[in-house]
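# Architecture at a glance
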Amino acid sequence: MASKGKFHLIWPPAAVMAGLLLIWQIVTSTFNIEEWILPSPYAIGTEMQEAWPRLMEHTAATIRITLLGFGAGTAAGFVLAALLHFIPGARTALYPLLVLTQNIPLIVLGDLLVIWFGFGLMPKLILLVLVCFFPVCVSMLTGLRQADEKLVTYMRMIGASRSQLFWRLELPGSLSHLFTGLKIAASYCVISAIYAETIGSNVGLGVFIRLASNGWETSRVFAGIIMIVALSLLLFGLIAGIERLTLRWQVREEAAGQ
Amino acid sequence: MTKTVLELNGVSKIFPNGKKVKSVLSDISMHVQEGEFVSLIGPSGSGKSTLFRLIGGLEKPTAGEIRIEGGLVRGERGRVAYMPQQASLMPWLSVSRNIELALEIAGMERKQARQLALEWLERIGLAGERDAYPHTLSGGMQQRISFLRALLSPQQLMLLDEPFGALDALTRLHMQTWLLSLWEADRRSVLFVTHSIEEALLLSDRILVLSAAPATVVREIKVPFARPRSEELWKDPLFNELKLDIYSLLSPVQSPDPMK
């Protein structure tokens, strides 16, 4: 049953994808569209093959900065959420400031960070931390506040301390919110890493694409885009997988509810 | 000489309610002896939950004093084992982990808690469910786990807050006799809240009848039936006499309808 169910989930999007690629190929070859305007899927494939070693080099750099920023940013978001939850009044006092950090356009922020921190790793890391902490922090805060009232009363009646209440009830109860935040952060993180690379770097997919587009090498731009998409999907899938393992009780609960 | 496990002297609780004040409990004095099963019965909204919150240390009494095993309780928590109306099991923990959690919070070591939980799950015939998640169990089964969790907690006093209130009638009857047999084998001090007169008569040594808000103890009834008890008790004419007696105390109108 399970494998049949999964197959039903996979084949419709796969068929749509394959169909689109086919139409794309047919359109580009029948109308003789120039490769620098819109390369055919076949041309992109060939380009990827040729540029593979360089593509891998740049991808590795992007993976490194993405994981660093994602790790630091989500950890910051988690700790901040816990602090705002624990310290009375802190949430109300600091919440507007949190939202404010998200209102500055990345392009402006990138320039400012370069002015302040130069062209090294630091400005890129700060940019990614600012992008990643927010969804994690906000969704965690929501989860922590939504702890089941009757479970809280039970824990307090039997004498749970504040830290026991957090580790044994509030945190496990907000894990599904945490994972939602992590998934949003993962999606934004890759895109932001690409942007961060363009503000001051000589390696990474952002640089690769920027150079390719400056040279009108459109099929190379598409090769870079494919790597970015693959990277995003991979990170997202990784988190979704960890989520499924961690929240096994919930998966079963949903299945039982159907 | 038997020890007094719980003692309330002139306990009152008043909540501020806008400009006025709302008096919920008024001058309640009562006690529970070691190994005694005492039920509180009263109309809905008569402040029984507030009384539990005071004994559990979640709130402080406005007047009077509460003592558990001689020690004054004014906001000190963790002195009681507790079984709420809703099973309140952590949905992400297996059955045995839920029991262990309660024991660990009461200060028991992890290994000992695990051993005790598994041993008792075996004893009550739920060894097969030890790794199941709570939502896969029926309501009655969840309440058994919830009761076991309170029973195994090291505190002397157990507070049972209308533990069978959310169950269907048949499950409720089974649960009553099940709890009775477990409790009679290992007598703990129990304060039990219920809306069911039969339930109170079947289980208790004493029944305290509360008035409507502000609640106070209007009658204390010693339940005369010998133990061990069983559902045979329902045939006893005295059982029905006491039932009607309590019913008339609780009834807002003068002529009680015995069919209800």
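Bear in mind the structure is a predicted one, so any value in this text is a computation, not a measurement.

Quick notes on the rules
- Residues numbered from 1 in each chain as written.
- Chains lettered and ligands numbered in written order.
- Predicted model: local features only at pLDDT ≥ 70, side-chain atom pairs only at ≥ 80, totals over all residues.
- Heavy atoms only, no water.
- UniProt positions renumbered as here; feature names shortened; annotations may be inferred.
- Helix = DSSP H or I, 4+ residues; strand = E, 2+ residues; numbered from the N terminus.
- Salt bridge = Lys/Arg side-chain N within 4 Å of Asp/Glu carboxyl O.
- Buried < 20%, exposed > 50% of the residue type's maximum accessible area, 1.4 Å probe, protein only.
- Pairing = 2+ DSSP bridges.
- Contact = heavy atoms within 4.5 Å.
- Axes fitted to C-alpha atoms, helices over the stretch in contact; angles between N-to-C directions.
- Phe/Tyr/Trp six-rings, centres within 6.5 Å; stacked < 30°, edge-to-face > 60°.
- Lys NZ or Arg CZ within 6 Å of the ring centre and 35° of its normal.
- Domains from an automatic or database assignment.
- Buried area = accessible area lost by both parts, 1.4 Å probe.
- Polar contact = N/O pair within 3.5 Å; in protein donor to acceptor, adjacent residues only side chain to side chain.
- Core = buried A, V, L, I, M, F, W, Y, C linked by side-chain atoms within 4.5 Å.
- Nonpolar A, V, L, I, M, F, W, Y, C, P; charged D, E, K, R; others polar.
- Right-handed = clockwise from strand over helix to strand, strands pointing away.

## Describing the UniProt feature "transmembrane region" (unreviewed entry) in chain A
Residue and element names in this part refer to chain A. Taken from the UniProt record, the annotation "transmembrane region" (unreviewed entry) applies to residues 7-27, 65-87, 94-119, 125-144 and 221-242. Along residues 94-119, the helical share is 77% and the strand share 0%, with 30 Å between the first and last C-alpha atoms. For the annotated span residues 125-144, helix accounts for 100% and strand for 0% of the residues, and the straight-line distance between the end C-alpha atoms is 27 Å.

## Some points on the pattern of salt bridges
All names here are of chain B. All told, the structure shown has 20 salt bridges over all chains when counted by the stated rule. Where Glu65 meets Arg67, a salt bridge forms, and the shortest distance between an N and an O atom there is 3.0 Å. The partly exposed category is assigned to Glu65, whose relative accessible area is 30%. For Arg67, a relative accessible area of 27% corresponds to the partly exposed category.

## As for the UniProt feature "domain: ABC transmembrane type-1" (unreviewed entry) in chain A
Taking the UniProt record as the reference, the feature "domain: ABC transmembrane type-1" (unreviewed entry) is found at residues 59-239 of chain A. Across residues 59-239 of chain A one finds 85% helix and 0% strand; the C-alpha atoms that close the span lie 20 Å apart.

## Let's talk about the sheet that holds strand E1 (residues 4-17) of chain B
Residues and elements named next belong to chain B. Strand order in the open sheet formed by four strands is E2-E1-E4-E5, with antiparallel pairing between adjacent strands. A single partner strand is all that each edge strand has here, and the edge strands are strand E2 (20-33) and strand E5 (71-72). Bridge count for strand E4 (residues 63-68) against E5 is two bridges, and the pairing is antiparallel. Residue pairing across strands places Arg67 opposite Leu72, the latter belonging to E5. In the packing of helix H1 (residues 48-55) onto the sheet, contacts are made with E1, E2 and E4, and the angle to E1 comes to roughly 115°.

## A word on the packing of aromatic side chains
The description of an aromatic ring pair rests on the distance of the ring centres and on the angle between the ring planes. This model, assessed by the stated rule, comprises 11 aromatic pairs over all chains. Every member of this aromatic cluster is reached through a ring pair, and the members are B:Phe37, B:Phe164, B:Trp183 and B:Phe192. The side chain of B:Arg123 reaches across the aromatic face of B:Trp120, ending 4.1 Å from its centre. Sitting above the plane of the A:Tyr154 ring, B:Arg149 keeps its charged end 3.8 Å from the centroid.

## Considerations on the UniProt feature "domain: ABC transporter" (unreviewed entry) in chain B
According to UniProt, the "domain: ABC transporter" (unreviewed entry) feature falls on residues 6-237 of chain B. Here residues 6-237 of chain B runs as 31% helix and 28% strand, with 32 Å between its end C-alpha atoms.

## Details of the domain arrangement of chain B
Residues and elements named next belong to chain B. Looking at chain B, the domain boundaries give domain 1 (1-79 + 155-260) and domain 2 (89-154). Averaged C-alpha coordinates put domain 1 and domain 2 at centres separated by 25 Å. Taken together, the 13 residues of domain 1 in the interface contact 13 residues of domain 2. Taken together, the two surfaces of domain 1 and domain 2 that pack against each other cover about 1,200 Å², and 70% of this comes from carbon and sulfur. By the criterion of area lost to domain 2, the three top residues of domain 1 are Gln155, Trp178 and Leu182, representing 42% of everything that side buries. Summed over the shared surface of domain 1 and domain 2, the number is zero salt bridges. Where domain 1 meets domain 2, there are four residue pairs in polar contact (both at pLDDT 80 or more). For the side of domain 1 that touches domain 2, the elements supplying multiple residues, two or more each, are strand E7 (157-161) and helix H5 (169-185).

## A look at the nonpolar core
A:Met155, B:Leu6, B:Leu8, B:Met30, B:Ile55, B:Leu159 and B:Leu191 are the most contacted members of the largest nonpolar core, which totals 89 residues. Leaving out residues up to four positions away in the same chain, B:Leu8 has contacts with B:Ile28, B:Ser29, B:Met30, B:Leu51, B:Ile55, B:Glu65 and B:Ile66. Core analysis: the second largest hydrophobic core is formed by 50 residues, B:Ala81, B:Leu137, B:Ile221 and B:Leu242 among them.

## Here's the deal with the interface of chain B and chain A
Across the boundary between the two partners, chain B contributes 24 residues, which contact 19 residues of chain A. Of the roughly 2,300 Å² buried between chain B and chain A, counting both surfaces, carbon and sulfur atoms make up 67%. On inspection of chain B and its partner chain A, the count reaches one salt bridge. There are four residue pairs in polar contact (both at pLDDT 80 or more) connecting chain B and chain A. For the side of chain B that touches chain A, the secondary structure elements donating two or more residues are H1, strand E6 (80-83) and helix H2 (95-105) of chain B. Sorting elements by how many residues they give to the side of chain B that touches chain A places H2(B) first, with four residues. Residues that form the side of chain B that touches chain A fall into these classes: 14 nonpolar, six polar and four charged.

## Brief notes about the sheet that holds strand E8 (residues 189-194) of chain B
Residue and element names in this part refer to chain B. If you trace the six strands from one edge of the open sheet to the other, you get E6-E7-E8-E3-E9-E10, paired in mixed fashion. Each end of this open sheet is capped by a strand with a single partner; those strands are E6 and strand E10 (217-222). Geometrically, the sheet is characterised by an average inter-axis angle of 20° between neighbouring strands, direction not taken into account. Relative to strand E9 (residues 206-210), strand E3 (residues 37-41) is paired through four bridges, and the arrangement is parallel. Bridge assignment links Leu40 to a residue of E9, and that residue is Leu208. Across the sheet, H1 lies against E3, E6, E7, E8 and E9, angled at about 155° from E7, the strand it touches most.

## Digging into the pairing of E8(B)
Residue and element names in this part refer to chain B. The element E8 is extensively covered by neighbouring structure, given that six of its six residues are classed as buried. Of the two faces of E8, the one lined by Ser189, Leu191 and Val193 and the one lined by Val190, Phe192 and Thr194 are each fully buried. Relative to E8, E3 is paired through five bridges, and the arrangement is parallel. Bridge assignment links Ser39 to a residue of E8, and that residue is Phe192. When E7 meets E8, the two strands line up parallel, connected through five bridges. The residue of E8 that forms the bridge with Asp161 is Val193. With respect to chirality, the unit in which E7 leads through H5 into the neighbouring parallel E8 is right-handed.

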